[in-house]
Amino acid sequence: LLERVASDLSPGERQSLVDDAWAAVVAGDAGVSSFLDMVAGFAGETSPPVWQTILAGLRWCDRFVQDVARERFRESVRDLMRPALQRLGWEGREGETDLDRELRGDLIRAMGTLGDDRETQALAREDEARARAGHSIDPAVASAAIDVAAFTGGPWEYDIFVERMDGAPTPHDQDRYRFALPTFRDPDLMQRTLDLIAGGGVRTQDAPYLLQVCLMNRDLGEMAWQFVRSRWDELIAPLPEGSVIALAQGARWLTAPEVVADVQAFFDEP
């Protein structure tokens, strides 16, 4: 079947194949290695929905590997995505489709974060700076560049992002910078983001969704959970009732067994 994926299956069928393979892993009917072996054959894939399904599984895999195993995982991610990104190129081309541009952004983001690719990270930082200086950058690339710059950034970049979340020229750009704040990986910067949210430094309608992204931070989600847990009543008091569910949705990304148990116990309390 895998030998005939590109020639015989439609994009929707390929997406279903990947989705079913990951569902088998979640159900315990297949090993993670079977999923990784299968998606390794998708380097020539051109459909953004198929790639998004692949990346969804890879993001979960990244949550469960540490140290040397994580470095090997990152290398496999780079090997998978590099041919696709090289085929598309970093710059837009005449006659390409909106789906091509969307896929380029997805691959840049994944290479720079999941793959921890140094070259991609350097190029993303350059494009983020160029876009900030007023140069025309494709929106999908600009969005991915902001996310990668946050992933690799420190206090200097964080200060720029805080300034841009209200000072960028368009509301869309402001949102890009605002929602990148929780993805910085420095614990001190995560604390600044949490304090900013709790202190009313962001709009009430954005606060639950920013906290959700804080909880989804692969390296600092547990820190964010302890903050949310200890200040739950204070944090949810000003929020629209329907938006509180965003916090629970963010907690789904916490994977350490002891943290999962703590989350479950917290929401089980009357």
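Residues numbered from 1 in each chain as written. Predicted model: local features only at pLDDT ≥ 70, side-chain atom pairs only at ≥ 80, totals over all residues. Heavy atoms only, no water.

Looking at the overall build of the protein chain
Where we set the bar: Helix and strand assignments follow DSSP, with helices taken as H or I runs no shorter than four residues and strands as E runs no shorter than two, numbered in order from the N terminus. Here the radius of gyration uses the C-alpha set of atoms, whereas the globule reference equals 2.2 Å times the residue count to the power 0.38. When checking whether two residues touch, look at their non-hydrogen atoms; a contact exists if any pair is within 4.5 Å. Note on areas: Shrake-Rupley with a 1.4 Å probe; residue coverage comes only from the protein chains shown. For the charge count, each Lys or Arg is scored as positive and each Asp or Glu as negative, with His and the chain ends excluded. Lysine's charge is taken at NZ, arginine's at CZ, aspartate's at CG and glutamate's at CD.
Helix and strand content of the protein chain: 16 helices and zero strands. Against the globule reference of 18 Å for 270 residues, the protein chain gives a C-alpha radius of gyration of 19 Å, in line with a compact fold. Along the longest, intermediate and shortest principal axes, the C-alpha atoms of the protein chain span 55 × 50 × 35 Å. Partitioning the contacts of the protein chain with sequence separation of at least 6, the portion at a separation of at least 24 is 66%. Surface summary for the protein chain: the accessible area is close to 13500 Å², and the carbon and sulfur share equals 52%. Mean positive and mean negative side-chain charge positions of the protein chain (28 and 47 charges, respectively) differ by 3 Å.

Details of the side chain of Thr193
Within the secondary structure, Thr193 sits in helix H11 (residues 187-198). With residues near it in sequence (within four places) discarded, Thr193 still touches Tyr158, Leu181, Pro182 and Cys214.

Let's talk about unusual backbone geometry
Trans is the common state for peptide bonds, and a negative phi is the common state for residues other than glycine. One non-glycine residue, Asp67, adopts positive backbone phi at about 55°. One can find Asp67 in helix H5 (residues 67-88). The phi angle at Asp116 is positive, at roughly 50°, despite the residue not being glycine. Mapped onto the elements of the fold, Asp116 is located in the loop between helix H6 (98-112) and helix H7 (118-132).

Some details on the packing of aromatic side chains
Inclusion rule: Aromatic contacts are taken between Phe, Tyr and Trp rings whose centres are within 6.5 Å, Trp giving its six-membered ring; a plane angle under 30 degrees counts as stacked, one over 60 as edge-to-face, and the others as tilted. Whether a charge lies above a ring is judged from NZ of Lys or CZ of Arg, which has to be within 6 Å of the ring centre and within 35 degrees of the ring normal.
Applying the stated criterion across every chain, the model contains ten aromatic pairs. Consider the rings of Trp232 and Phe267, whose centres lie 5.6 Å apart with planes at 85°: the pair is edge-to-face. Placement of the pair is Trp232 in helix H14 (residues 232-236) and Phe267 in helix H16 (residues 257-268), with a sequence separation of 35 residues. Measuring from ring centre to ring centre gives 5.3 Å for Phe266 and Phe267, while their planes differ by 80°; the resulting arrangement is edge-to-face. Grouping aromatic residues by their ring pairs yields a cluster made of Tyr158, Phe161, Tyr177 and Phe184. For the cation-ring pair, Arg185 lies above Phe151, with the distance from its terminal atom to the ring centre recorded as 3.7 Å.

Brief notes about the pattern of salt bridges
Rules: Any carboxyl oxygen of Asp or Glu within 4 Å of a side-chain nitrogen of Lys or Arg constitutes a salt bridge here. The buried label goes to any residue with under 20% of its type's maximum accessible area, the exposed label to any with over 50%, and the partly exposed label to all in between, with areas taken from a 1.4 Å probe on protein chains only.
Under the criterion given, the structure shown has 27 salt bridges. In this structure, Arg229 engages Asp262 in a salt bridge whose closest nitrogen and oxygen atoms are separated by 3.0 Å. Linking Arg229 in helix H13 (residues 221-230) with Asp262 in helix H16, this pair joins segments that are 33 residues apart in sequence. Residue class for Arg229 comes out partly exposed when judged on its relative accessible area of 26%. The network of salt bridges with shared partners includes Asp166, Asp175, Arg178, Arg203 and Asp206.

Some details on helix H10 (residues 171-178)
What H10 keeps buried is the set Asp173, Gln174, Arg176, Tyr177 and Arg178. Where H10 is buried, its residues meet H7, helix H8 (139-152), helix H9 (155-167) and helix H12 (207-216).

A short note on the side chain of Asp106
Looking at the element boundaries, Asp106 is found in helix H6. Leaving out residues up to four positions away in the same chain, Asp106 has contacts with Gln52 and Leu55.

Quick word on helix H3 (residues 32-39)
We count it as follows: To obtain the arc, one takes the directions from the helix axis to the C-beta atoms.
All of the buried residues along H3 are Phe35, Met38 and Val39. One face of H3 carries all of its buried residues, which in axial projection span an arc of 90°. Seen from the buried face of H3, the exposed residues on the opposite side, beyond 90 degrees, are Ser33 and Asp37.

Comments concerning the environment of Glu163
With respect to the secondary-structure elements, Glu163 resides in helix H9. C-alpha separation for the pair Glu163 and Ser7, spaced 156 residues apart in sequence, amounts to 49 Å.

Description of the confidence of the model for the protein chain
Rules: pLDDT runs from 0 to 100 and stands for how confident the predictor is about each residue.
On average, residues of the protein chain carry a pLDDT of 93, and 100% of them reach 70 or more. No element of the protein chain has a lower mean pLDDT than helix H1 (residues 5-8), which averages 80, and none a higher one than H11, which averages 97.

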